[in-house]
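For reference, the chains in residue letters:
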Amino acid sequence: MCGIAGYIGKEFKSNSIIQDTLKTLHHRGPDSRGYYNTTDLNSNNLYLLHTRLNIIDLEKRSNQPFQLGSYTLIFNGEIYNYLEVKTLLLKEGIKFETTGDTEVLARALIHWGIDAALDKLEGMWSFAFYNKKTGNLYLCRDRFGEKPLYFKTLTDGIYFSSETLSLSKLLNKSLDFNFDQIHRYLINGYKSIYKHNSSFYEKVNQIEQGHYIKINKDLKLTVKRY
């Protein structure tokens, strides 16, 4: 289990906000923490945060955010068939610098594109994948929604995280309760909260299982089921 969080938009996030957010994700990834910050083609500020639980390839080379050229990946989960996918990539001339599934995921997304890569992947995941050359940011959740990924869209930008507490820290303010969702839960039980992508907080949604969101340099969102 790892933790991810991020923001893309016009606001500047101070180092204290970044560090406070990473602290809230520490229990998900106690072995290392890091973040990536850049300015995109439309002068949007991008922040990608990650805390890591070491499972595969324990070396620092697999720490995240994981960068390959103009691409950056933060990833929570496990690619079950990463060795098989790695073999396919090796046959197509792709070379690897690590032995973990993070690099396999990154190189698959780069080499095949997101749709073709996802068709080949088996596992559980939530990830954010950024291409600095195009300004496109992808947020993706696995087919069964095993790994959480919340997001909130505001006029200043788009926030996302593995947890609502870290989302609140990155926003630097408290989240408002979604009393409709709380009411549904109390009346109908836990199964009712999975019938749509709402959360217990107002205007904080989950990326639906088996979907990804593409955010372009104009902060336009495109939702796709894969």
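Our structure is the block above this text.
Each value, and the rule that gives it
- Residues numbered from 1 in each chain as written.
- Predicted model: local features only at pLDDT ≥ 70, side-chain atom pairs only at ≥ 80, totals over all residues.
- Heavy atoms only, no water.
- Helix = DSSP H or I, 4+ residues; strand = E, 2+ residues; numbered from the N terminus.
- Buried < 20%, exposed > 50% of the residue type's maximum accessible area, 1.4 Å probe, protein only.
- Lys, Arg positive; Asp, Glu negative; His and termini not counted.
- Salt bridge = Lys/Arg side-chain N within 4 Å of Asp/Glu carboxyl O.
- Polar contact = N/O pair within 3.5 Å; in protein donor to acceptor, adjacent residues only side chain to side chain.
- Contact = heavy atoms within 4.5 Å.
- Pairing = 2+ DSSP bridges.
- Axes fitted to C-alpha atoms, helices over the stretch in contact; angles between N-to-C directions.
- Parallel < 35°, antiparallel > 145°, perpendicular 65-115°, else oblique.
- Left-handed = near helix turned anticlockwise from the far one by under 90°.
- Nonpolar A, V, L, I, M, F, W, Y, C, P; charged D, E, K, R; others polar.
- Core = buried A, V, L, I, M, F, W, Y, C linked by side-chain atoms within 4.5 Å.
- Patch = residues over 30% accessible without salt bridge, like charges linked within 9 Å, V, L, I, M, F, W, Y side chains within 5 Å.
- Areas by Shrake-Rupley, 256 points an atom, 1.4 Å probe, with all protein chains shown as cover.

Participant: Go over the side chain of Asp40 with me, naming the residues and quoting the values.
Facilitator: With respect to the element layout, Asp40 can be found in the loop between strand 2 (32-39) and strand 3 (45-52). Lys10 provides the closest opposite charge to the buried, salt-bridge-free Asp40, at an N-O distance of 5.8 Å. A distance of 2.7 Å separates the side chain of Asp40 from the backbone nitrogen of Asn44, its partner in a polar contact. Non-local contacts of Asp40, meaning those with residues more than four positions away in its chain, are made with Ile8, Tyr130 and Lys217.

Participant: Can you explain the sheet that holds strand 12 (residues 221-225)? Please cite residues and give values.
Facilitator: What the six strands build is an open sheet, ordered 4-5-6-7-11-12; its pairing is antiparallel. A single partner strand is all that each edge strand has here, and the edge strands are strand 4 (66-68) and strand 12. Within this sheet the neighbouring strands show an average axis-to-axis angle of 20°, counted without direction. Examined bridge by bridge, strand 6 (residues 123-131) and strand 7 (residues 136-141) share six bridges and lie antiparallel to one another. Following the sheet pairing, Ser126 is matched in strand 7 by Arg141. Relative to the sheet, helix 3 (residues 101-112) contacts strand 4, strand 5 (71-79) and strand 6, its axis offset from that of strand 5 by approximately 125°.

Participant: Pulling in residues and values, what's your account of the packing of helix 2 (residues 82-91) against helix 3?
Facilitator: Angle between the axes and distance between the axes are the two parameters that describe a pair of packed helices. It is the contact of helix 2 with helix 3, at a shortest axis distance of 10 Å, that shows an interaxial angle of 45°. By the angle class used here, helix 2 and helix 3 are oblique. The interaxial crossing formed by helix 2 with helix 3 has left-handed handedness. Where helix 2 approaches helix 3, its residues Tyr82, Val85, Lys86, Leu88 and Leu89 are matched on the opposing element by Asp101, Val104, Arg107, Ala108, His111 and Trp112. Of the residues contributing to the contact of helix 2 with helix 3, the split by class is seven nonpolar, one polar and three charged.

Participant: Could you give me a rundown of unusual backbone geometry, with the residues and numbers involved?
Facilitator: The omega torsion across Gln64 and Pro65 is 0°, close enough to zero to call that bond cis. For Asp57, which is not a glycine, the phi torsion comes out positive at approximately 55°. Of note, Asp57 is situated in the loop between strand 3 and strand 4. Of the residues examined, Asp57 reaches a relative accessible area of 9% and is grouped as buried.

Participant: Describe the nonpolar core, naming the residues involved and giving the relevant values.
Facilitator: Ranked by size, the top nonpolar core spans 27 residues in total, and within it Leu73, Leu89, Leu105, Leu109, Leu118, Trp125 and Phe127 carry the most contacts. In this structure, Leu109 is in contact with Leu73, Ile114, Ala117, Phe127 and Phe129, ignoring residues within four places of it in sequence. Core analysis: the next-biggest nonpolar cluster, separate from the first, contains 17 residues, Leu46, Leu139, Phe151 and Ile213 among them.

Participant: Please set out a nonpolar patch on the surface residue by residue, giving values where relevant.
Facilitator: A surface patch of nonpolar side chains, amounting to about 690 Å² of accessible area, comprises Tyr185, Leu186, Ile187, Tyr190, Tyr194 and Phe200. If you trace the backbone, Phe200 turns up in the loop between helix 6 (179-188) and strand 10 (205-206). Note on Phe200: relative accessible area 30%, which makes it partly exposed.

Participant: Before we move on, could you go through the sheet that holds strand 10 and cite the residues and values that matter?
Facilitator: Taken in spatial order, the six strands make up an open sheet running 2-3-1-9-8-10, and their pairing is antiparallel. Strands at the two margins of the open sheet, each flanked by one partner only, are strand 2 and strand 10. Pairing geometry for strand 1 (residues 3-9) and strand 3, over seven bridges, is antiparallel. In the sheet register, Gly9 faces strand 3, and the bridge partner there is Asn45. Along the sheet, helix 1 (residues 15-24) makes contact with strand 1, strand 2 and strand 3, crossing strand 2 at roughly 140°. Strands strand 1, strand 8 (150-154) and strand 9 (157-161) of the sheet are contacted by helix 5 (residues 164-171), whose axis makes an angle of about 145° with strand 9.

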